[in-house]
Amino acid sequence: MTEGDILGHEPIGIVEEVGEQVTHIRPGDRVVVPFNISCGHCYMCERNLQSQCETTQVRDQDKGAAFFGYTKLYGQVPGGQAEYLRVPQAHYGPIKVPEGPSDERFVYLSDVLPTAWQAAVYGDVGTGSTVAVFGLGPIGQMSCRVAAHLGARKVIGIDLVPERLALARKYGVETVDVSTGNVGDTIRDLTDGRGADTVIDAVGMEAHGAPLGKAAHQLVGMLPKPLAAMMTERGGVDRLSALHAAIDAVRRGGTISVSGVYGGMVDPMPMMQMFDKQVTIRMGQANVRRWVDDLLPLVTGDDDPLGVQDFATHRLPLSEAPGAYQMFQHKEDGAIKVLLTP
Ligand SMILES: NC(=O)c1ccc[n+]([C@@H]2O[C@H](COP(=O)([O-])OP(=O)(O)OC[C@H]3O[C@@H](n4cnc5c(N)ncnc54)[C@H](O)[C@@H]3O)[C@@H](O)[C@H]2O)c1
Ligand SMILES: [Zn+2]
């Protein structure tokens, strides 16, 4: 990060002004803005790979589409934790949502819901599937709910934070606490001895339970900034415990869908196990705009099948953001999702 960077990539707000080529929204409209910035008409966008948009690709970093509120790795575009937000490619990105229902209804269309939806669809979740979801943060919680909505017959959620496990159980998820024994064996016990048809990794490289990885992570934290950035991207802050557990827990011929973010390139992978089990792996940033038409009806009606209305655990003024970040990182006060009001 550089001093002055503005964070935030899950914004909802009211349009103040539009550029002359922006015709689908006008001042006064309520919009939610996808976290990735995409043009809607390039080679990638036409193939529903909006997170790889060729108009906004961050080529000097060899990365995909730019997104809001991140470091220079993804374009250093000022983000949404601010009173005003400038929205590039606004002829395509912003999604107009109805007046009336509270922000909570729609705000997760910017990231959490499309990410969870893509995780399930890329994982081939369908009627009768068994699905194991590693990590029960916002992405994992919603992945569980989406999997059930798409017809999964059994959803198993894995985490180590008691209130996150409890929240998943409220939605009919069978839960496994990673800190109590061999997760792979437990998942096989719950799936006729085979392992899950689909495993969703909603943890990423900040997994708990990889002591070497933790040391590497802390070491990177102590390096001078340019070196730390290089280590994160090239050397790897190797914390693969969740991904390796996913490879163990998936059934033969099953699919692992990775929405958790990974970095690094020196990580050993169990290639023989992956090959022998005939595993399919899909991954990547969510192609947000691709899934909006599927999701809008689910958040608009009164029945709220995905439980978005009560999803946020905290709503705070932007001035309290530093404390909120600390609370979220340390998983204090039951924090799962925090909404900031500028
Ligand atoms: N692909 C995308 O477009 C996209 C979008 C949003 C977020 N993400 C990524 O998805 C991941 C999850 O996001 P989040 O907001 O839910 O984060 P989060 O930190 O709230 O959730 C991660 C959860 O994983 C749990 N966990 C840690 N180690 C574990 C282990 N070894 N086994 C099982 N569970 C473990 C943690 O206790 C936590 O509850 C992050 O890597 C995030 O960057 C990706
Ligand atoms: Zn594009």
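Everything numeric here is computed off the predicted structure, so don't read it as measured data. (Residues numbered from 1 in each chain as written. Chains lettered and ligands numbered in written order. Predicted model: local features only at pLDDT ≥ 70, side-chain atom pairs only at ≥ 80, totals over all residues. Heavy atoms only, no water.)

Participant: Looking at this structure, how should I read the overall build of the protein?
Facilitator: In terms of helices and strands, the protein carries eleven helices and eleven strands. Here the protein has a C-alpha radius of gyration of 20 Å; the compact-globule value for 342 residues is 20 Å, and the two agree. Its C-alpha atoms give the protein principal-axis dimensions of roughly 60 × 50 × 45 Å. Out of the 342 residues in the protein, the part that is buried amounts to 46%. (Helix = DSSP H or I, 4+ residues; strand = E, 2+ residues; numbered from the N terminus. Rg over C-alpha atoms; globule rule 2.2 N^0.38 Å. Buried < 20%, exposed > 50% of the residue type's maximum accessible area, 1.4 Å probe, protein only.)

Participant: For this particular structure, what's the right way to read the side chain of E104?
Facilitator: Position of E104 relative to the elements: it lies in the loop between β3 (95-96) and α2 (112-122). Here R315 takes part through its side chain, which lies 3.2 Å from a polar atom of the side chain of E104. In contact with E104, other than residues within four places in its own chain, are V308, Q309, R315 and L339. (Polar contact = N/O pair within 3.5 Å; in protein donor to acceptor, adjacent residues only side chain to side chain. Contact = heavy atoms within 4.5 Å.)

Participant: When you look at the coordination of the zinc ion (ligand 2) in this model, what are you seeing that I'm missing?
Facilitator: Working reference: metal with six octahedral donors, ideal angles 90 or 180 degrees; metal with four tetrahedral donors, ideal angle 109.5 degrees. At 2.3 to 2.4 Å from the zinc ion (ligand 2) lie its protein donor atoms, namely C39 (SG), C42 (SG), C45 (SG) and C53 (SG). Using a relative accessible area of 9% as the deciding quantity, one classes C42 as buried. (Donors = N, O, S within 2.8 Å, 3.2 Å for Na, K, Ca; no water.)

Participant: Would you mind going over α2 with me for this structure?
Facilitator: Each full turn of the α-helix corresponds to 3.6 residues, which orients residues three or four apart in the same direction. In terms of burial, α2 is a largely internal element, ten of the eleven residues being buried. Of the positions making up α2, those classed as buried are V112, L113, P114, T115, A116, W117, Q118, A119, A120 and Y122. Looking one or two residues past α2, D124 carries a phi angle of roughly 65°, positive in sign.

Participant: Can you walk me through the UniProt feature "domain: Alcohol dehydrogenase-like C-terminal" (unreviewed entry) in the protein in this structure?
Facilitator: Cross-referencing UniProt, the feature "domain: Alcohol dehydrogenase-like C-terminal" (unreviewed entry) maps to residues 138-206 in the present numbering. Here residues 138-206 is 42% helix and 23% strand, with 15 Å between the C-alpha atoms at its ends. (UniProt positions renumbered as here; feature names shortened; annotations may be inferred.)

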